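# A closer look at the structure
Single-letter residue listing:
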Amino acid sequence: MNKSNKKILRQYALEYGSFIGTAWFLLFFNYVKSIEHNSVVYAIGILLMIVVCILFPLLLAVRINKKTTAVDQKMNYGQAFSFFLFMFFFASVLHSAATYVYLEYVDQGQLFISINNMLAMPEIKSTYESLGLANEYAQALDGLKDIEEAGNANIALNFLGYDCFLGFFGSIFTSYFASATIKLKAPQPQTR
């Protein structure tokens, strides 16, 4: 591929990465809101976003395959792998940045307050104790305090690491679909 085609592919990787990063953030957002509001609507949003986060990269792989095939610039597996690594890295950075901004400026600690309130409920505490998990209950409270003290930047950096890890393995799968041979249908002449 020549330089202009590589530049176009980088632009597609950024575009697709922004789609994936937004989907990952929406999954996180629905998860946080389901904890804070205990709503079925957000639980359905979580399930929907899980499906989207799994299928969307595969659909984008097929889309980039059709686009490159249409202009006779077929990607091999290595090129597709580097394309998707870049795409998932950009999605990871976008998701982490959006998570940090949300937790720092929008949520302002409501997530931790909701989880603390949930763990402080007498039913939760008695359930842990009845199962013989009093030590684990205390560890959960201590762990939550540690996470809260670590700060939102640390949470966002952890998301970045997890997302990059998942993106690496996602690149292995999606690269196959982006580099596979797909036969395009030729336009059929219209008959009257």
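Before reading further, recall that the structure is shown in the block above.
Residues numbered from 1 in each chain as written. Predicted model: local features only at pLDDT ≥ 70, side-chain atom pairs only at ≥ 80, totals over all residues. Heavy atoms only, no water.

### Here's the deal with the overall build of the protein chain
Tallying secondary structure elements over the protein chain gives 7 helices and 0 strands in all. Along the protein chain, helices and strands appear, N-terminal first, in the series α-α-α-α-α-α-α. Taken over C-alpha atoms, the radius of gyration comes to 22 Å for the protein chain, far larger than the 16 Å a tight globule of 192 residues would show. If one aligns the C-alpha atoms of the protein chain with their principal axes, the spans along those axes are about 75 × 40 × 30 Å. Expressed as a percentage of contacts within the protein chain between residues at least 6 apart in sequence, the contacts between residues at least 24 apart total 81%. Accessible area for the protein chain stands at about 12200 Å²; split by element, carbon and sulfur atoms hold 65% of it. Positive and negative side-chain charges of the protein chain, numbering 14 and 13 respectively, have mean locations separated by a distance of 28 Å. (Helix = DSSP H or I, 4+ residues; strand = E, 2+ residues; numbered from the N terminus. Rg over C-alpha atoms; globule rule 2.2 N^0.38 Å. Contact = heavy atoms within 4.5 Å. Areas by Shrake-Rupley, 256 points an atom, 1.4 Å probe, with all protein chains shown as cover. Lys, Arg positive; Asp, Glu negative; His and termini not counted. Charge placed at Lys NZ, Arg CZ, Asp CG, Glu CD.)

### Here we look at the packing of aromatic side chains
Across all of its chains, the model carries 19 aromatic pairs by this definition. Both rings, one in Tyr 12 and one in Tyr 16, keep their centres 5.7 Å apart while their planes meet at 45 degrees; by these two values the pair is tilted. Highlighted residues: Tyr 12 and Tyr 16, both in helix H1 (residues 3-37), separated by 4 residues, approximately one helical turn. Counting every residue linked through ring pairs, the aromatic cluster contains Tyr 12, Tyr 16, Phe 19, Phe 56, Phe 83 and Phe 84. (Phe/Tyr/Trp six-rings, centres within 6.5 Å; stacked < 30°, edge-to-face > 60°.)

### Let's talk about a positive patch on the surface
Where like charges cluster on the molecular surface, the positive patch consists of Lys 3, Lys 6, Lys 7 and Arg 10. Along the chain, Arg 10 turns up in helix H1. (Patch = residues over 30% accessible without salt bridge, like charges linked within 9 Å, V, L, I, M, F, W, Y side chains within 5 Å. Salt bridge = Lys/Arg side-chain N within 4 Å of Asp/Glu carboxyl O.)

### Here's the deal with the side chain of Thr 174
As for its position among the elements, Thr 174 is in helix H7 (residues 152-179). Assessed through its relative accessible area of 2%, Thr 174 is described here as buried. (Buried < 20%, exposed > 50% of the residue type's maximum accessible area, 1.4 Å probe, protein only.)

### Points about the packing of H1 against helix H3 (residues 77-107)
Contact geometry of H1 with H3 gives a least axis separation of 7 Å together with a crossing angle of 35 degrees. The crossing of H1 and H3 is right-handed. In terms of residue class, the contact of H1 with H3 is built from 21 nonpolar, 7 polar and 4 charged. (Axes fitted to C-alpha atoms, helices over the stretch in contact; angles between N-to-C directions. Left-handed = near helix turned anticlockwise from the far one by under 90°. Nonpolar A, V, L, I, M, F, W, Y, C, P; charged D, E, K, R; others polar.)

### Digging into the nonpolar core
By size, the foremost hydrophobic cluster in this structure holds 19 residues, and its most contacted members are Ile 20, Ile 64, Met 75, Phe 83, Phe 84, Met 87 and Ala 178. For this core, the secondary-structure elements that each account for two or more residues are H1, helix H2 (40-70) and H3. Core analysis: the second largest hydrophobic core is formed by 11 residues, Phe 28, Tyr 102, Leu 103 and Leu 119 among them. (Core = buried A, V, L, I, M, F, W, Y, C linked by side-chain atoms within 4.5 Å.)

### Remarks on the pattern of salt bridges
Within this structure, the stated rule accounts for 1 salt bridge. Note that Lys 33 and Glu 36 form a salt bridge whose closest N and O atoms lie 3.4 Å from each other. On the criterion of helical spacing, the pair formed by Lys 33 and Glu 36 is a turn pair, its members being 3 residues apart in helix H1. We classify Glu 36 as buried; its relative accessible area is 18%.

### Some details on a negative patch on the surface
Taken together, the side chains of Asp 142, Asp 146, Glu 148 and Glu 149 make up a negatively charged region of the molecular surface. As for its position among the elements, Glu 149 is in helix H6 (residues 134-150). The exposure class of Glu 149 is exposed, given its relative accessible area of 66%.

### Topic: H1
Here H1 is 35 residues long and its end C-alpha atoms lie 50 Å apart, about the 51 Å a rise of 1.5 Å per residue gives. Two residues or fewer past H1, Asn 38 is found with a positive phi of approximately 50 degrees. (Expected span 1.5 Å × (residues − 1).)

### Focus on a nonpolar patch on the surface
A cluster of nonpolar side chains, Tyr 77, Leu 85, Phe 165, Leu 166, Phe 168, Phe 169, Ile 172, Tyr 176 and Phe 177, forms an exposed patch at the surface whose accessible area comes to about 860 Å². Broken down by element, the nonpolar patch gets its largest block of residues, 7 residues, from H7. Within the element layout of this structure, Leu 85 appears in helix H3.

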